[in-house]
Every structure is written in structure tokens, then in C-alpha cells.
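Residue-level structure breakdown
Read off the chains here:
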Amino acid sequence: MPARTCLFMLCVLVSSLQANANELQQLADASRDIISEFSSHLKNALTDAIQEGGPVNAIAVCKTRAPEIAEALSREGWQIRRTSLKVRNPANTPDEFERKVLEDFERRKNEGKDIRQLAYYKMKEVGEQSEFRYMTAIPTDELCLTCHGNTISEAVKTRLDQLYPGDQARGFRTGDIRGAFSLKKIFRRELQGEESIQPDNAPLPADETTGEVTNSP
Ligand code: HEC
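It should be emphasised that the depicted structure is a prediction, and the values quoted were computed from it without experimental measurement. (Residues numbered from 1 in each chain as written. Predicted model: local features only at pLDDT ≥ 70, side-chain atom pairs only at ≥ 80, totals over all residues.)

Re the overall build of the protein
For the protein, the count of helices and strands is four helices and five strands. Buried positions account for 23% of the 217 residues belonging to the protein. The long-range share in the protein, meaning contacts at least 24 apart out of those at least 6 apart in sequence, stands at 69%. (Helix = DSSP H or I, 4+ residues; strand = E, 2+ residues; numbered from the N terminus. Buried ≥ 20, exposed ≤ 12 C-beta atoms within 10 Å, placed from the backbone. Contact = placed C-beta atoms within 7 Å.)

Structure follows, in C-alpha cells:
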């Protein structure tokens, strides 16, 4: 092949990789915006409800408002939810990908990483579709302990027992990872299988058996 053709093809390749990288970066930025909106709406609703009617009353906010806010933000094909390794509502149970990322967040937290910096995203090929996934860790703070901590009031306990018989989301302490925000967007067009990692992110261990996590450093 003549050198000039070769150079041209190299340029095409580099610019298409660049385009994908930019696209991925834009999706990651959009994810961060959605999460910050979700998170602040939820925290405001929770704080207001606790002030107005106490924590038992605020349980309803987590139960009904959280999915409503998630639904409202799920526009333009975005799907947003919360998940955790220890769920209160079984509907929030992580899928295989989410579980791996959550476990990786725990590992990195134990290595001393700041929970607020823990994020992970990737683009995955699923048949004809491309699927963008984005997750960030949710830290546990004082406010959360009222309903997720070690010393939950009897009234709150009773209400939680009624609503969530299999509740695993108690016994958390400040500084723990409570769970994660998890976003998904599906595309029908072709995109190169590619994933990217934020500055403080380490890649997940590759998993040959499922192909779910196909990162390499
Ligand atoms: C007033 C009680 C209350 C407080 C305070 C509270 N939560 Fe929750 N939390 C709940 C309830 C109830 C659910 C289950 C919601 C549902 O049915 O989807 C829940 C669910 C969650 C979930 C989804 C995963 C799961 O366990 O099902 C996350 C993540 C979460 N809470 C994080 C937090 C964080 C972070 C804070 C502090 C900023 C917090 N919560 C404060 C009651 C509370």
C-alpha cells in the first residue's frame, strides 16, 4: 500500500476514535448533570419531609418520590435508578454489571479513594445496539442514618418492617458507600465498543465468562 494511502487511513482511524471518545465524554457529562439534578431534588424532598412531618413521614418520600423523580429525569432515552449491594427495596437489586461496579467501588474505597470521586462508565455492544452505562457511588451522611444507620428509632423501624420485610439497608455508618446512581442509555446505531475511565477510576477486572466488563487499562 502506498505510504500516502496508509497515512490517510491512519488519520481516518484516529479521527473516528477521537469522535467516539468525544461522544463518550459528552454522555458522561450528561450523566453527571442528570445525577446531580436527581440527587439534589431527592435530598431537598427528604429534608423538607423530615422537617414537616418527621422521619416516619419521610419514608414515603423515599418510597414514592424517588422513583417519580427518576421517572421525570428519564427523558431522551435515559434510564436512571438507585441500586446498592444491600438493598431496602428488592426492586433496586443490582444487575450483574452494577454488582461488579459496586464491588469495585468498595474495593477502591478500602484503598483510600474518596467515595465522591468513584464513578465508572462504559459503552457496550449488545447485538445491534450500543448501551452506555454510567455509575457513581452514593456516600452515607448523617441524614441517611435516621433510616439506614445502627440506631433507628422504634417508630421508623416499625414502618420500615411493614413496608420492607427483607430490608438489608440498615447498619450503615457515615463514610460508607450507601449505593450508587446507575444510568443507562441505549442506541440503535453503530458505535465502537469502547469504554472510558475517569481520572480517579481504575478499570474493573476483566471478566471473560460474561463479556459484561471488557475493560482493559
Ligand atoms: C426517612 C427515611 C430515609 C432516609 C432519611 C434516607 N433513606 Fe434511603 N431509603 C429509604 C427507603 C424507604 C428506601 C426504599 C425506597 C424504595 O422503595 O425504592 C430507601 C432506599 C435508598 C436507596 C436505594 C437502594 C435500596 O436500598 O433500596 C439508596 C441508594 C438510598 N436509600 C440512599 C440514601 C441516602 C444516601 C440517604 C441520605 C442522604 C438516605 N437514603 C436517607 C429511607 C430513607
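A few points about the site of the ligand
Around the ligand, the structure places 25 residues, and the nearest of them are Cys62, Asn89, Cys144, Cys147 and Gly179. Sorting elements by how many residues they give to the shell around the ligand places helix H1 (residues 3-73) first, with eight residues. Among the residues forming the shell around the ligand, the class breakdown is 12 nonpolar, seven polar and six charged. (Near = placed C-beta within 6 Å. Nonpolar A, V, L, I, M, F, W, Y, C, P; charged D, E, K, R; others polar.)

Focus: helix H2 (residues 96-110)
Spanning 15 residues, H2 covers 21 Å between terminal C-alpha atoms, matching the ideal 21 Å at 1.5 Å per step. The set of residues buried in H2 consists of Phe97, Glu98, Val101, Leu102, Asp104, Phe105 and Arg108. Buried residues along H2 cover an arc of 160° about the axis, so they all sit on one side. Set apart from the buried face of H2 by more than 90 degrees, the exposed residues are Glu96 and Asn110. Where H2 is buried, its residues meet strand E1 (78-83), strand E2 (119-126), strand E3 (129-139) and strand E4 (177-187). Gly112 sits one or two positions beyond H2 and adopts a positive phi of about 100°. (Expected span 1.5 Å × (residues − 1). Arc of directions from axis to C-beta.)

Let's talk about the confidence of the model for the protein
Summarising the model, the protein shows a mean pLDDT of 84, and 81% of its residues fall at 70 or more. Note on residues 191-202: pLDDT under 50 across the span, and 25 contacts to partners over four residues away in sequence or across chains. Across residues 205-217 the pLDDT falls below 50, and counting only partners more than four positions away or on other chains, this stretch makes 20 contacts in the model. (pLDDT = per-residue confidence, 0-100.)

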